[in-house]
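# A structural walkthrough
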Amino acid sequence: MPSQIIQWFPGHMAKTRRLITENLADVDLVLELLDARIPLSSKNPEIERLCGTKPKITLLNKASLADPAASAAWAAKYRSETTRVLLCDCITGEGLGQLMPAVRELLADKLERYAQKGMQGRRLKAMVVGIPNVGKSSLINRLAGRSRAKVENRPGVTRDKQWVTTTIGLDLLDMPGVLWPKFDDTAVGENLALTGAIKDDILDIETLGVLLCRRLRALYPDQLCARYKLTPADLERCPEASDLFLAIGRKRGFLISGGEIDTERTANMLLDEFRAAKIGRITLDRPAAQKEE
């Protein structure tokens, strides 16, 4: 599957790289959005390199869908002298009240210089970066107080840069969301596909469903069993993830003629329920400490 992802990936990284390079000097800081369910897999290494030491606030978006303990561990990992980390939900606005205090803390020296020059009311500027479908447009619309950026629950909606004025004294420069052309770690491509950062219609949906079963059994077996009414005996009878996938389809009654499992319906149900956190609050990228545990 990872080879499929790389093969189908629309390569617009060069354009975004150019836009970031051309506009970075015009902003005071960078707002980097990550998906809290995959804080490592959704972190574009190219953006990290391009932005360098520019002051940055990392927003772990969709935190309401992610494992709280894992989110806290990732926030601690990414926090540094030049980076602040916030857990948030850009659709509901949860956590975004912390944004301007974090901006003022991060830019305290610059704001002090502005004050000394009598420029206290000067509006600040931030560049918004992140991979497709991570919530950049939702963030912008929430902060603008109206619909300024196009929002859809699919990747690749924002095609070019755009400036947006917000209600909190921060002007936002929205960048197109793109992936990078090669994933060094197979799990990165898998996680991007499972969370919807890569369009579902370019991948085999049943393969994704089986993959999700494998990952959930390894990381969150109790939540998986509770959601789909599976017993320890059921798991023992399903040594392979494909067996588990079919068992879940059978439990849900997704049968077609001849008693076969409707695998497409099963896969769509699993992905929809995972993405809506109906299985539970799940983080697919595990911090090193949790991996050791």
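The rules behind each value
- Residues numbered from 1 in each chain as written.
- Predicted model: local features only at pLDDT ≥ 70, side-chain atom pairs only at ≥ 80, totals over all residues.
- Heavy atoms only, no water.
- Buried < 20%, exposed > 50% of the residue type's maximum accessible area, 1.4 Å probe, protein only.
- Helix = DSSP H or I, 4+ residues; strand = E, 2+ residues; numbered from the N terminus.
- Contact = heavy atoms within 4.5 Å.
- Pairing = 2+ DSSP bridges.
- Polar contact = N/O pair within 3.5 Å; in protein donor to acceptor, adjacent residues only side chain to side chain.
- Arc of directions from axis to C-beta.
- Axes fitted to C-alpha atoms, helices over the stretch in contact; angles between N-to-C directions.
- Phe/Tyr/Trp six-rings, centres within 6.5 Å; stacked < 30°, edge-to-face > 60°.
- Lys NZ or Arg CZ within 6 Å of the ring centre and 35° of its normal.
- Salt bridge = Lys/Arg side-chain N within 4 Å of Asp/Glu carboxyl O.
- Core = buried A, V, L, I, M, F, W, Y, C linked by side-chain atoms within 4.5 Å.

With that settled, the discussion passes to helix α12 (residues 241-251). Buried within α12 we find Ala241, Leu244, Phe245, Ala247, Ile248 and Gly249. Contacts from the buried residues of α12 go to α9 (205-219), α10 (221-228), α11 (232-236) and α13 (263-275). Looking at the residues trailing α12, positive phi occurs at Gly253, about 75°.

Here we come to the pairing of strand β5 (residues 162-165). As defined by bridge partners, β5 adjoins strand β6 (residues 170-174) across four bridges and the pair is classed as antiparallel. Opposite Thr165, over in β6, you have Asp171 as the bridge partner. From the end of β5 to the start of β6, which pair antiparallel, there are four residues, and Gly169 there has a positive phi angle of about 85°.

This brings us to the side chain of Asp171. Examined against the element boundaries, Asp171 turns out to sit in strand β6. Accessibility expressed as a relative area gives 13% for Asp171, which makes it buried. Side-chain polar atoms of Asp171 contact the side chain of Arg123, separated by 2.9 Å. Setting aside chain neighbours within four positions, we find Asp171 in contact with Arg123, Leu124, Lys125, Ala126, Trp163, Val164, Thr165 and Thr166.

When helix α5 (residues 99-106) is considered as a whole, its buried residues turn out to be Leu99, Met100, Ala102, Val103 and Leu106. An end-on view of α5 places all buried positions within 160° of arc, on one side of the element.

Okay, the sheet that holds β5 next. Here we have six strands laid out as an open sheet, ordered β3-β2-β1-β4-β6-β5, and mixed in their pairing. In the strand order of this sheet, the two ends are held by β3 (83-87) and β5, each with one partner. Strand-to-strand twist in this sheet, taken as the mean axis angle between neighbours without regard to direction, amounts to 25°. Examined bridge by bridge, strand β4 (residues 124-129) and β6 share five bridges and lie parallel to one another. Each bridged residue has a counterpart across the sheet, and for Met127 the counterpart in β6 is Leu173.

Take the packing of aromatic side chains next. Under the criterion given, the structure shown has one aromatic pair. Here Lys43 stacks its cationic end above the ring of Tyr78, 4.6 Å away from the centre of that ring. Lys125 extends its terminal NZ or CZ atom over the ring of Trp163, reaching a point 5.5 Å from the ring centre.

Okay, the environment of Ile57 next. Along the chain, the position of Ile57 falls in strand β2 (residues 56-61). Between the C-alpha atom of Ile57 and that of Val30, which follows or precedes it by 27 residues, the distance is 6.3 Å. Dropping the residues within four chain positions of it, Ile57 is found in contact with Leu29, Val30, Leu31, Glu32, Arg84, Leu86, Leu99, Ala102, Val103 and Leu106.

Turning our eyes to something else, we now look at the pattern of salt bridges. What the rule picks out here adds up to 17 salt bridges. Close ionic contact of Arg122 with Asp28 constitutes a salt bridge, the shortest N to O distance being 3.8 Å. Taken as a pair, Arg122 in the loop between α6 (108-116) and β4 and Asp28 in the loop between α2 (13-23) and β1 (29-35) lie far apart in primary sequence, 94 residues in all. Residue Arg122 is classed as partly exposed on the basis of its relative accessible area, which comes to 35%. Using a relative accessible area of 5% as the deciding quantity, one classes Asp28 as buried. Among the ionic contacts, a cluster of salt bridges with common partners joins Glu32, Lys43, Glu48 and Lys56.

Here we come to the nonpolar core. Counting residues in each nonpolar core, the largest one holds 66 residues, and the members touching the most others are Leu29, Leu31, Ile57, Leu139, Leu192 and Ile248. Among the elements that line this core, the one with the most residues is α9, at seven residues. Core analysis: the next-biggest nonpolar cluster, separate from the first, contains 14 residues, Val30, Leu50, Cys51 and Leu173 among them.

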